[in-house]
Amino acid sequence: MSLVEARSKHADASDGTAAGTALGARISRLDGPAKIRGAASYALEHQLANLAYGVAVQSTLAAGRIRRIETKAAEAAPGVLLVLTADNALRLNAATDWLGTPPSGAPYLPFAREVTHVGQQVAAVVAETLEQATAAAALVKIDYDPQPHIASLDDPRAGEGMPIDPMTIEWGDAETALAAAPVRIEQEYRTPREYHATIEPHGLIAQWEGDQLTVWEPSPWIAFMARTYSEWFGIPFENVRLVSPYIGGGFGSKAFAYDFGAIAVMAARMLGRPVKVALTRPQLFNAIGGRAATRQTIALGADRTGRLLAIRQRGANETSIDGMWVEVLNSAISIMYATPNFSSRQNVVRVNAVRPGALRAPGENPSAFGIECAIDELAYATGLDPLEIRLLNYAEQDPHARKPWSTRQLREAFAVGAKVFGWSKRNPAPRSMREGRQLIGYGLAVGTYPVRRTPGEARVRILADGTVEVASASIDMGTGTYTILAQTAAEAIGVSVERVQVKLGDSSLPPSPVGGGSQLAGLMTGAVHKAALAARDELIGLAINHPGSPFREKQTNTLAIADGRIALPREESAGVTIAELMRRVGRDSIEVLRDTLPETVRSAEDRFRNYATITGMLSPSEGDYSRHSWCAHFIEVRVDEDFGTVRVARVVSALDSGRLYNPKLAESQWKGGIVMGISQALLEEGVVDPRHGRVMNNNLGDYLIATNADIPEIQVISVGIPDPHSSVLGGKGVGELSIVGVAPAIANAVFHATGKRVRELPITLEKLL
Ligand code: MCN
């Protein structure tokens, strides 16, 4: 379990957003100093006596049957404790999936007998040291009976894939409207496989004590992961303790228990000692699915003034042979612009690769790449400025759900962003702006991300010494949860932030839903706010009514708490400290548990549904409103005329995430998303070798991600207003919003600079020459 002791030393001066350390103040991350000192201990760094080390052996073939695995040499190697394969694995049960689908009853085997992709677990070696396990793993020989494979979306054998019916959205008659439209554009937009590239690798330490299992594993979804382990190993949920105090980057991964996790837990049980398994960087690329490769064909029809008459989109994404991943390509395109006619369909194409997964703004990210490039093309086809065409087709309400927006400050984002960036200085003609051999381009694109809401619980305790403890099995993966929850409790109770301790990342604490979908800040501040107010009310009740309280004789019914002291309002006396009052009324603690959305938590079954499956998550357009965050990115690129190299020179983004709980942290999140967007636009691509069906650039030397030198000055401006329909305290999502729209803004800027339209990411120099 991790404990962050809030120390106000790190508090910056407020910029006027909110005073001191209250919610809305720009304080630095409370976990920052511990991280810098190396005192923040990550799951994989947990120290245990008698720890054994497991190394996964993965398939090197994309498709085929395993004839035989030769393990003798590995077993005889120095230090080896156990060599595991499908033949000697423990029999495990299948588990409920993240959608809540109950298991079929068939056993679950974490080792493949038939391989369907490179990187599948086929064996594992456990030894006294990591070096011994690594050396012995190389001695395991696998004899395959190879079969033909489909390498990628581009493989001629891949075909068109299968339609996903729920992905069909239709209103009006897009076909007829397109056929009659005076202006029409139609193009295909493509995005490659992209990876999370978290600095901390995926892995875990597993330890059994009798029937009790403890797993130290980075996890943004503690309840789901713990439940999977309990089901696999047939033990009650309460017998699993999952500990994930800090996460060294997740970006959408690390939420599920993986095959290698089952292997580590199995080995720990068989050996009767703790086992650690961590995947190596090359193993991660083929064993953990990143963003699915996508393609989409978008047709836009408009009248001669640029007003949209129809949008038609046909999309496809890669999924694995035996797993399903739908990269929701119609999520942004269906709400971005007002159009009387709309049609979208999507197929998934099965390929011999690991199942793709969520990567920061899954769905919205590639969806926005398509529509935001297409609308730019339509602007040129109709002679409009890219900003003008967006304002002309502004959606006053959600065109798909046909409901009003809860809040949508996108016009404000356009106005502020354009002004700060200097958009009016843009010469609209492509290839018209330059400085020497540098072609200059200005590009614009919109981003959006839905407000997701699932119940989440938090416990607040006021302790005898006057400090406050906040606890939840929710997580902080570098986002700032520790900090904003301390701020929330401090403000609601009336203590300073250094008097609040926040405990997160442990399945024994009150349950929380997945830390994904940019929902945790809104959910958990809501739960903490409610619990803290209730705890404060109880404290004030004691102060008014308890015979031991110094306020009893004053016969007051109002008291105030500020700076940890309780006093009569408007009275000169300094009152008493919370600790003193707790002593006088004979209490060790006041404890309150609250939920963000109490009406949805009715029974133990409901809690299970809400926390360990995705089914408790409300749609963004549930009820009377459609809830989304919005942003507009204005980006300047410089393209070298001779070499085709693209540099991003400037970014100005105006963003609407509603009320910000801590602007400093929200800005840091937004900048992080923009950095990832620049990386996606110009560098990131998992290159598949069609002969072997494997990602070749499976390391951080060859899979390029942006570094400091690639990143220019980024200016982020908040244009949000509190949104009471989105969360208890008025905030909307922050974490994923800003990556959405960066790649199309860069592609549009590159077109403006060069006159060349690149419709396939990443935008590399060979596509420009
Ligand atoms: N925040 C705020 N005001 C709001 C909303 C949020 O000040 N109205 C700030 C808070 O500091 C909060 C943070 O922004 O802790 C993120 O809040 P939120 O948008 O609710 O997102 P989550 O807490 O659910 O975090 C998950 C989100 C996702 S889905 C991915 S992917 C992601 C991300 O956040 N992965 C990250 N940011 C990441 N940041 C880091 N460092 N590492 C990752 O892996």
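Keep in mind it's a predicted model, so treat the numbers as computed, not measured.

A.B. asks: Help me understand the pattern of salt bridges in this model?
C.D. replies: When the charged atoms of two side chains lie near each other, side chains of opposite charge can form a pair. Scanning all chains against the criterion turns up 47 salt bridges. A salt bridge links Arg 65 to Asp 145; the shortest N-O distance between them is 3.8 Å. Of this pair, Arg 65 sits in strand 3 (residues 64-70) while Asp 145 sits in strand 9 (residues 141-146), and the two are 80 residues apart along the sequence. Relative accessible area serves as the criterion here: at 34%, Arg 65 is assigned to the partly exposed category. Close ionic contact of Arg 67 with Asp 143 constitutes a salt bridge, the shortest N to O distance being 2.9 Å. Of this pair, Arg 67 sits in strand 3 while Asp 143 is found in strand 9, placing the two residues 76 residues apart along the sequence. A residue is classified by how much of its surface remains accessible, and Arg 67, at 44% relative accessible area, is partly exposed. According to the relative accessible area criterion, Asp 143 is partly exposed, its value standing at 34%. Several salt bridges share partner residues, and in doing so they unite Glu 175, Arg 184, Glu 186, Arg 312 and Arg 314 into one network.

A.B. asks: Please clarify how the site of the ligand should be interpreted in this entry.
C.D. replies: The environment of the ligand is formed by 32 residues, the closest being Gly 250, Arg 659, Gln 669, Val 734 and Gly 735. With respect to the ligand, the backbone of Gln 519 contributes an N or O atom lying 3.2 Å from an oxygen atom. At 3.2 Å from a nitrogen atom of the ligand is found a main-chain nitrogen or oxygen belonging to Lys 732. Relative to its unbound accessible area of 830 Å², the ligand is 95% covered by the protein chains. Those elements giving two or more residues to the shell around the ligand turn out to be helix 12 (481-493), helix 13 (520-545) and helix 16 (663-682). A per-element tally of the shell around the ligand places helix 16 first, with 3 residues. Residues of the shell around the ligand, tallied by class, amount to 10 nonpolar, 18 polar and 4 charged.

A.B. asks: How should I be thinking about the pairing of strand 13 (residues 203-209) in this particular structure?
C.D. replies: Consecutive side chains along a regular strand alternate between the two faces of the sheet. Of all the 7 residues making up strand 13, 6 are buried; the element is thus mostly covered by neighbouring parts of the structure. Where strand 13 and strand 14 (residues 212-216) come together, 5 bridges link them in antiparallel fashion. The partner of Gln 207 across the bridge, within strand 14, is Thr 214.

A.B. asks: Looking at this structure, how should I read the sheet that holds strand 7 (residues 114-115)?
C.D. replies: The strands making up a sheet are joined through hydrogen bonds of the backbone, oriented either antiparallel or parallel. A sheet is described by the order of its strands in space; here 3 strands give the open sequence 7-3-9, paired in antiparallel fashion. Only two strands of the sheet have a single partner each, and these edge strands are strand 7 and strand 9. One ladder, built from 2 bridges, connects strand 3 with strand 7; its direction is antiparallel. Among the inter-strand pairings, Gly 64 is bridged to a residue of strand 7, identified as Val 115.

A.B. asks: When you look at the sheet that holds strand 30 (residues 646-656) in this model, what are you seeing that I'm missing?
C.D. replies: Pairing is mixed in the open sheet, where 5 strands are placed in the order 20-21-29-30-33. Since the sheet does not close on itself, it has two edges, and those belong to strand 20 (434-435) and strand 33 (713-718), each with one partner. Inspection of the sheet shows strand 30 paired to strand 33 by 6 bridges, in the parallel sense. Looking at the pairing, Arg 650 lines up with Glu 713 of strand 33. Contacts between helix 11 (residues 410-421) and the sheet are confined to strand 21 (438-450), strand 29 (628-640), strand 30 and strand 33, with strand 29 contributing the most and set at about 25 degrees to the helix. Strand contacts of helix 17 (residues 742-754): strand 21, strand 29 and strand 30, with the helix running at about 155 degrees to strand 21, the strand carrying the most contacts.

A.B. asks: Before we go on, may I ask you to explain helix 5 (residues 222-232) in this structure?
C.D. replies: Two residues of an α-helix separated by three or four positions point the same way, owing to the 3.6 residues in each turn. Within helix 5, 11 of the 11 residues are buried, which leaves the element mostly enclosed by the surrounding structure. Listed in full, the buried residues belonging to helix 5 are Ile 222, Ala 223, Phe 224, Met 225, Ala 226, Arg 227, Thr 228, Tyr 229, Ser 230, Glu 231 and Trp 232. One or two positions beyond helix 5, positive phi appears at Gly 234, with a value near 65 degrees.

A.B. asks: Would you mind going over the packing of helix 12 against helix 13 with me for this structure?
C.D. replies: A packed helix pair is summarised by two numbers, namely the angle formed by the two axes and the spacing between the axes. Where helix 12 meets helix 13, the axes come as close as 8 Å, and the angle between the chain directions of the two elements is 30 degrees. Between helix 12 and helix 13, the angle falls in the class roughly parallel. Between helix 12 and helix 13 lies a crossing of right-handed hand. In this structure, helix 12 uses Ile 484, Leu 485, Thr 488, Ala 489, Ala 492 and Ile 493 to contact helix 13, whose residues at the interface are Ala 521, Met 524, Thr 525, Val 528, His 529, Ala 532, Leu 533 and Arg 536.

A.B. asks: Whenever I open this one, the pairing of strand 18 (residues 308-319) confuses me. Can you help?
C.D. replies: Among the 12 residues that make up strand 18, 10 are buried, leaving the element largely enclosed by the rest of the structure. By the bridge criterion, 9 bridges tie strand 17 (residues 294-302) to strand 18 in an arrangement that is antiparallel. Residue Ile 298 lies in a different strand from strand 18, and its bridge partner there is Gln 313. Hairpin connection of strand 17 to strand 18: 5 residues between the antiparallel strands, including Gly 306 at a positive phi of 100 degrees.

Thresholds applied
- Residues numbered from 1 in each chain as written.
- Predicted model: local features only at pLDDT ≥ 70, side-chain atom pairs only at ≥ 80, totals over all residues.
- Heavy atoms only, no water.
- Salt bridge = Lys/Arg side-chain N within 4 Å of Asp/Glu carboxyl O.
- Helix = DSSP H or I, 4+ residues; strand = E, 2+ residues; numbered from the N terminus.
- Buried < 20%, exposed > 50% of the residue type's maximum accessible area, 1.4 Å probe, protein only.
- Near = heavy atom within 4 Å.
- Polar contact = N/O pair within 3.5 Å; in protein donor to acceptor, adjacent residues only side chain to side chain.
- Areas by Shrake-Rupley, 256 points an atom, 1.4 Å probe, with all protein chains shown as cover.
- Nonpolar A, V, L, I, M, F, W, Y, C, P; charged D, E, K, R; others polar.
- Pairing = 2+ DSSP bridges.
- Contact = heavy atoms within 4.5 Å.
- Axes fitted to C-alpha atoms, helices over the stretch in contact; angles between N-to-C directions.
- Parallel < 35°, antiparallel > 145°, perpendicular 65-115°, else oblique.
- Left-handed = near helix turned anticlockwise from the far one by under 90°.

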